[in-house]
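Chain residues, written in single-letter form:
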Amino acid sequence: MARHLNLSVTQVSRALNDHSDVSVATKERVREGAREIGYRPNLTARKLKSGRSGLVAMIVPGRSETVEIEILMETVMGLSAEFSRRGLQFVLHVLSEGDDPAEAHRKLVQNGSVDGVIVTDPQLDDPRIVVLQDSATPFIVHGRDRLDAAYPFVDIDHRAIGHDLAAALLRRGCRSLALIDGPADRPYASLRRAGAEAALAEAGVAPATLHVHPGPMTEARGRADGEYLRDKGMDGAIAGNMMLAAGLRAACPDLSLAAHDDALLRYAADRVPPPLIRTVAPLSDAWVPLCDGLAEAIAGGRPQTLLDIHLSE
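Reference entry: report on the structure contained in this document. All of these numbers come straight from a predicted model, not from anything done at the bench.

It is worth spelling out the sheet that holds strand 6 (residues 177–180) at this point. An order of 7-6-8-9-10-12 is seen for the six strands of this open sheet, with the pairing classed as mixed. Each edge of the sheet is formed by a strand with only one pairing partner; in this case those strands are strand 7 (211–213) and strand 12 (310–312). Pairs of neighbouring strands in the sheet enclose a mean axial angle of 15°, with direction left out of account. Where strand 6 lies against strand 7, three bridges are found, and the strand directions are parallel. Bridge pairing links Leu179 to Val212 in strand 7. Sitting on the sheet, helix 9 (residues 187–202) touches strand 6, strand 7, strand 8 (236–239) and strand 9 (256–261), and the angle it makes with strand 6 is about 165°.

Below, the structure written as structure tokens:
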């Protein structure tokens, strides 16, 4: 390939391995040349020479009511594209029903075939993170399993989301609020609840009046909870994502509604009839810091990133 591109073997090798002393233009030229001639690196040889395989992995559960296929697909597509741009291969492993996620991560890191691991949708005190912390394999988490996380992560301020959405509904005169969010064992759910309760207390409204409904974050579940809220005469609701918001709006057209918007491709804000209050933090904003962060973790760093959110009323 070096002869094909009129470059030295050293230049081609350093470009393919993403060395910092090679220009972006040369790296792109080499990668394009590799695609043209169908070149594929020998991962075994790469591992022997550099100690790295060029592989990064993510393990996800199979069919699960807590894993929304829209979010999973956007995550896989976004991460795969970003890792490819960095000359890394992204491997997705889907667990079979009944498989233990922590044990799957233990087996993955024990065989030493990957340079790094991405963890998504962490639970409180997630055992997968314990396994990875006990291993020598670099990793990064999309989210956190605890607020004082000491490992690499990319996250958003979930307490601010709960606070800002509740405060906005209170400014519109709502006094009986429901929080329709994710499973109770997800850290973001407890943080959003704490933020909403703080907003109620600041407004002189008893936090006990906040009706919290944890569960799967799907449109069907939003519709079912919307019917319940309508029967209870609730005047405002906070939806944990736009899928829940779509279901809530369909069941309760007149409900004062606030939602967190991940800017999912299939659930744009204009799908939910107004008025709608939103906090916005596009899911796609996480791909670059996650990929850069894992690369930094592989190099020995400990990056931590909080992405921006903004309120739209």
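Don't stop here, the text continues.
Topologically, Ala258 is positioned in strand 9. Discounting chain neighbours no more than four positions away, the residues touching Ala258 are Leu165, Leu169, Ala237, Ile238, Ala239, Leu276 and Ile277.

So, on to the sheet that holds strand 11 (residues 304–307). Read across the open sheet, the six strands follow the order 2-1-3-4-5-11; overall the sheet is parallel. Two strands bound the open sheet, and with one partner strand each, they are strand 2 (89–94) and strand 11. The average angle at which neighbouring strand axes cross in this sheet is 20°, direction not considered. Against the sheet, helix 12 (residues 287–298) makes contact with strand 1 (55–60), strand 3 (116–120), strand 4 (139–142), strand 5 (153–156) and strand 11, and its axis sits at roughly 155° relative to strand 4, the strand it touches most.

Right, let's talk about unusual backbone geometry for a bit. Between Pro274 and Pro275 the backbone carries a cis peptide bond, its omega angle lying at 0°. If you trace the backbone, Pro275 turns up in the loop between strand 9 and strand 10 (276–280). Positive phi, normally seen in glycine, also occurs at Asp125, with a value near 50°. Residue position: Asp125 is located in the loop between strand 3 and helix 7 (127–134).

Parameters at a glance
- Residues numbered from 1 in each chain as written.
- Predicted model: local features only at pLDDT ≥ 70, side-chain atom pairs only at ≥ 80, totals over all residues.
- Heavy atoms only, no water.
- Pairing = 2+ DSSP bridges.
- Helix = DSSP H or I, 4+ residues; strand = E, 2+ residues; numbered from the N terminus.
- Axes fitted to C-alpha atoms, helices over the stretch in contact; angles between N-to-C directions.
- Contact = heavy atoms within 4.5 Å.

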